[in-house]
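The lines below spell out each chain.
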Amino acid sequence: MTYEQAREVLQRLGQEHVLRFWSQLDQGGRAGLLKQIEELDLRTIERIRTLLGSPAAREDATAHKDIQPAPVVSLRGGEEREPRRIGEQALREGKVGILLVAGGQGTRLGYDGPKGTYALGPVSGASLFEIHARKILALEKAYSAKVPFYIMTSEGNDADTRRFFQSCGYFGLDPERVKFFVQGTLPAFWPDGRMVLESPGRLFLAPDGHGGILTALDRTGMLADMERRGLTTLFYFQVDNPMVEIADPVFIGCHLKHGAEMSLKVCAKRDPAEGLGVVVLREGRQAVVEYTELTDAQKQARRPDGELPFKFGSVAIHVFSLAFLRQEVAAGLPLHPAHKKVPYCDESGTTCKPDKSNACKFEKFIFDALPDASAALLLEFAREEEFAPVKNAEGEDSPATSRMAMMEKFARWFAAAGVRVPRDDAGRLTCRIEVDPVYAHSAETLQARLPAGFRIDGDVLLGKA
Ligand code: UTP
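Counting from 1, residues in each chain are numbered in the order their sequence is written. Per-residue local features are limited, in this predicted model, to residues with pLDDT of at least 70; the limit for side-chain atom pairs, both in listing and counting, is 80 or more; totals at the level of whole chains, interfaces and linings are taken over all residues. Computation of side-chain values: all heavy atoms of the structure, hydrogens and water removed.

(A) Seen up close, the overall build of the protein chain. Within the protein chain, the secondary structure is distributed over 14 helices and 20 strands. Computed over C-alpha atoms, the radius of gyration of the protein chain comes to 24 Å, within 12% of the 23 Å expected from 2.2 N^0.38 for 465 residues, which places it in the range of a compact globule. We call a residue buried when its accessible area falls under 20% of the maximum for its residue type, exposed when it is over 50%, and partly exposed in between, using a 1.4 Å probe and counting protein chains only. Taken over 465 residues, the protein chain has a buried fraction of 52%. The criterion used for residue contact is that any of the two residues' heavy atoms lie within 4.5 Å. Contacts spanning at least 24 positions in sequence make up 75% of the contacts within the protein chain whose residues lie at least 6 apart. A positive count includes Lys and Arg, and a negative count includes Asp and Glu. His and the chain ends are not counted in either. To locate a charge, the coordinates of NZ of Lys, CZ of Arg, CG of Asp or CD of Glu are taken. Between the averaged position of the 60 positive side-chain charges in the protein chain and that of its 64 negative side-chain charges there is a distance of 2 Å. The secondary structure listing takes helices from DSSP runs of H or I that are at least 4 residues long and strands from runs of E that are at least 2 residues long, numbered from the N terminus. Values of the radius of gyration come from C-alpha atoms, whereas the globule rule sets the reference at 2.2 Å times the count of residues to the power 0.38.

(B) Summary view of the layout of surface pockets. Quantified by volume, the second largest pocket comes out at close to 1,100 Å³. As defined here, a cavity is a set of points on a 1 Å grid over the protein atoms alone where a 1.4 Å probe fits but cannot get out. A pocket is an open set with protein on both sides within 12 Å along at least five of seven lines, and residues line them when an atom is within 4 Å of a point. Lining the second largest pocket are 42 residues, and of these Glu245, Asp248, Lys409, His441 and Ser442 lie nearest its centre. Listed by contribution, the elements that provide at least two residues to the lining of the second largest pocket are helix 4 (81–92), helix 5 (128–143), helix 9 (249–257), strand 18 (376–380), helix 12 (383–386), helix 13 (399–416), strand 19 (433–435) and helix 14 (443–449). With seven residues, helix 5 is the largest single contributor of residues to the lining of the second largest pocket. Nonpolar residues are Ala, Val, Leu, Ile, Met, Phe, Trp, Tyr, Cys and Pro. Charged residues are Asp, Glu, Lys and Arg, and all others, Gly as well, are polar. A per-class count over the lining of the second largest pocket returns 23 nonpolar, three polar and 16 charged. Grid points are joined across faces, edges and corners, and a volume is the space filled by probe spheres set on the points.

(C) Empty space enclosed by the protein, seen in detail. Counting across every chain of the model gives two cavities of 30 Å³ or more. Lys269, Pro272, Val278, Leu294, Gln298, Lys299, Ala301, Leu308, Pro309 and Phe310 are the residues that line the largest cavity. The class makeup of the residues in the lining of the largest cavity is seven nonpolar, one polar and two charged. Its boundaries defined by the atoms lining it, the second largest cavity holds a volume of some 30 Å³.

(D) The arrangement of the site of the ligand in detail. Near the ligand you find 18 residues, and of these Val101, Thr107, Arg108, Gln183 and Lys391 are the closest. In this structure, Gly106 approaches the ligand through a main-chain N or O atom, which is 2.9 Å from an oxygen atom. We define a polar contact as two N or O atoms separated by no more than 3.5 Å, with the added condition that, inside protein, one atom must be a possible hydrogen donor and the other a possible acceptor, whereas residues neighbouring each other in sequence contribute only through side-chain atom pairs. For the ligand, an oxygen atom lies 2.7 Å from a polar atom in the backbone of Arg108. Only the protein chains shown count as covering a residue, and every accessible area follows the Shrake-Rupley method with a 1.4 Å probe. Burial of the ligand by the protein amounts to 85% of the accessible area it has alone, namely 570 Å². Looking at the shell around the ligand, its residues break down into five nonpolar, nine polar and four charged. Nearness of a residue to a molecule or strand requires only that one of the residue's heavy atoms be within 4 Å of it.

(E) Representation of unusual backbone geometry in the model. You will see that Ala247, though not glycine, has its phi angle at about 50°, which is positive. As for its placement among the helices and strands, Ala247 is situated in the loop between strand 9 (233–238) and helix 9. Of the residues examined, Ala247 reaches a relative accessible area of 0% and is grouped as buried. Of note, the phi angle at Asp397 is positive, near 50°, even though the residue is not glycine. Tracing the backbone through its elements, the reader meets Asp397 in the loop between helix 12 and helix 13.

(F) Structural view of the pattern of salt bridges. For this analysis, a salt bridge means a side-chain nitrogen from Lys or Arg found within 4 Å of a carboxyl oxygen belonging to Asp or Glu. Inspection of every chain in the model, using the stated rule, returns 37 salt bridges. Taking the shortest distance from any N to any O, the salt bridge between Asp225 and Arg228 comes out at 2.9 Å. A residue pair is termed a helical-turn pair when its members lie 3 or 4 positions apart in one helix, as Asp225 and Arg228 do in helix 8 (residues 222–228) at three residues. Assessed through its relative accessible area of 7%, Asp225 is described here as buried. When the shortest N-O distance is used, the salt bridge between Glu386 and Lys265 registers 2.7 Å. Here Glu386, found in helix 12, pairs with Lys265, found in strand 10 (residues 262–268); they are 121 residues apart in sequence, far enough to count as distant. Using a relative accessible area of 2% as the deciding quantity, one classes Lys265 as buried. Among the charged side chains, a network of salt bridges with common partners joins Glu176, Lys179, Asp225, Arg228 and Arg229.

(G) Molecular detail of helix 9. Counting buried residues in helix 9 gives seven out of nine residues, a clear majority hidden from the surface. Pro249, Val250, Phe251, Ile252, Gly253, Cys254 and His255 are the residues of helix 9 that are buried. Two to three positions downstream of the cap, the backbone nitrogen of Val250 sits 3.0 Å from a side-chain oxygen, assigning the N-cap of helix 9 to Asp248. Backbone geometry just after helix 9 places Gly259 at a positive phi near 65°.

(H) Spatial organisation of the environment of Thr401. With respect to the secondary-structure elements, Thr401 resides in helix 13. In the structure, Thr401 is positioned 13 residues away from Ala388 in sequence and 7.2 Å away in space, judged by C-alpha atoms. Not counting the four nearest positions on each side in its chain, Thr401 is found in contact with Gly395 and Glu396.

(I) Looking closely at the confidence of the model for the protein chain. Every residue carries a pLDDT, the predictor's confidence in it, which falls somewhere between 0 and 100. For the protein chain, per-residue confidence averages 94 on the pLDDT scale, and residues scoring 70 or more make up 98% of the total. Note on residues 57–62: pLDDT under 50 across the span, and twelve contacts to partners over four residues away in sequence or across chains.

(J) Expanded view of the nonpolar core. Among buried residues, the Ala, Val, Leu, Ile, Met, Phe, Trp, Tyr and Cys ones that are joined through side-chain atoms within 4.5 Å form a nonpolar core. In this structure, Ile98, Phe149, Phe165, Phe235, Ile246 and Ala247 are the most contacted members of the largest nonpolar core, which totals 42 residues. Of all the elements, helix 5 adds the most residues to this core, at six residues. Dropping the residues within four chain positions of it, Ala247 is found in contact with Leu91, Val96, Ile98, Leu139, Phe235 and Ile252. Counting 37 residues, the second-largest nonpolar core is a separate cluster that includes Leu223, Val329, Phe365 and Ala369.

Spelled out as structure tokens, the structure:
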């Protein structure tokens, strides 16, 4: 892109100020700025300007006043059998791919590096990426199938993520089926709709949220790759939940049987204050409403039986049909504004770090695709079996609580196999337990593999050297 072309684009968007330090930039600075301008998502920037100009168009709690709880499917007893058969068949036929979003910055955890490289295995210290990758390898072995693994990174962590997988031998997966792609970025905006310059030759850019996956899949050729491989169904999850049952055949089977375009696993919220988005019916369509977008009355309301009316939260475990992903790329997801502290460059060209929110960042959320689905399924799951995210350094949803939840799940598998699990008088585990997913990925597979007379006398790590 030339200077003239950049100026023309910026003029059209009312953003000429971006070039105001041009005469002071050296060659490298000019080239860098032109590249940023060239890569801007112009369609989205126009939408943001419209949004900033019309407060009524913004998402806020008042937009969610006419909502009801969405219907949720709960499977009982033998009801799993048929969906399991359908899901397993799709896996065996190689129709299922895996989508992982791992582009986040992990600010709350405060860990230096991609969150997926965090060592979480209770005994092995396996990274989150390793735990996920080994589950996919277990699927490939169990169903004699190829299960491609698509990983979304962001500019800030892409190189480190790729290097990590490479240095760990892709955890046994075939590198040909591990595909990395980088999510897009969006500028931050002053309240008057101008983009924020971080320094004289640089726009401030931030990742565009997990909903950025749609445009990123398209832009980087991943949708075409999925089509080439004959995939029809994509299982989606987040990097920070080591308990996720990746490509759970029952979930996939329910999705396919229902003819759904998008499906979500949902669980009962821990308490009204838990920050999960809740599933609702709005204008007859299923939708997820972010916790922050509910009013206090909506969060705290109770039904006469004491239950929360908006009881079921989404934990970002989804299944999509590939055709629906394509459709949603074209439709474009809504943009959510968030007022943040954004470093900016003042009139003299000096970068300043504000101590309070000064500008608006925008993100897209993948769950906003839900109302567009002509058929969608919400399936209840048991939290203790599948959800223990690593969000904070300490306290709730931290590495400590997540490791404990993993160990308790393994402990249930051992108990089901008739193995005594050592506990103290208060019922707490007195040793650490871990099972590599390739060794066993369920109570049944563990039972089938355990040597006769197996006992737990101290820490256990099954399936690793
Ligand atoms: P979170 O919203 O928990 O954000 O992301 P985070 O970056 O991991 O952590 P905080 O909020 O900074 O503490 C949920 C999932 O979405 C991915 C994350 O990697 C995580 O798997 N994500 C989030 C992206 O891939 N891109 C984004 O822009 C944001």
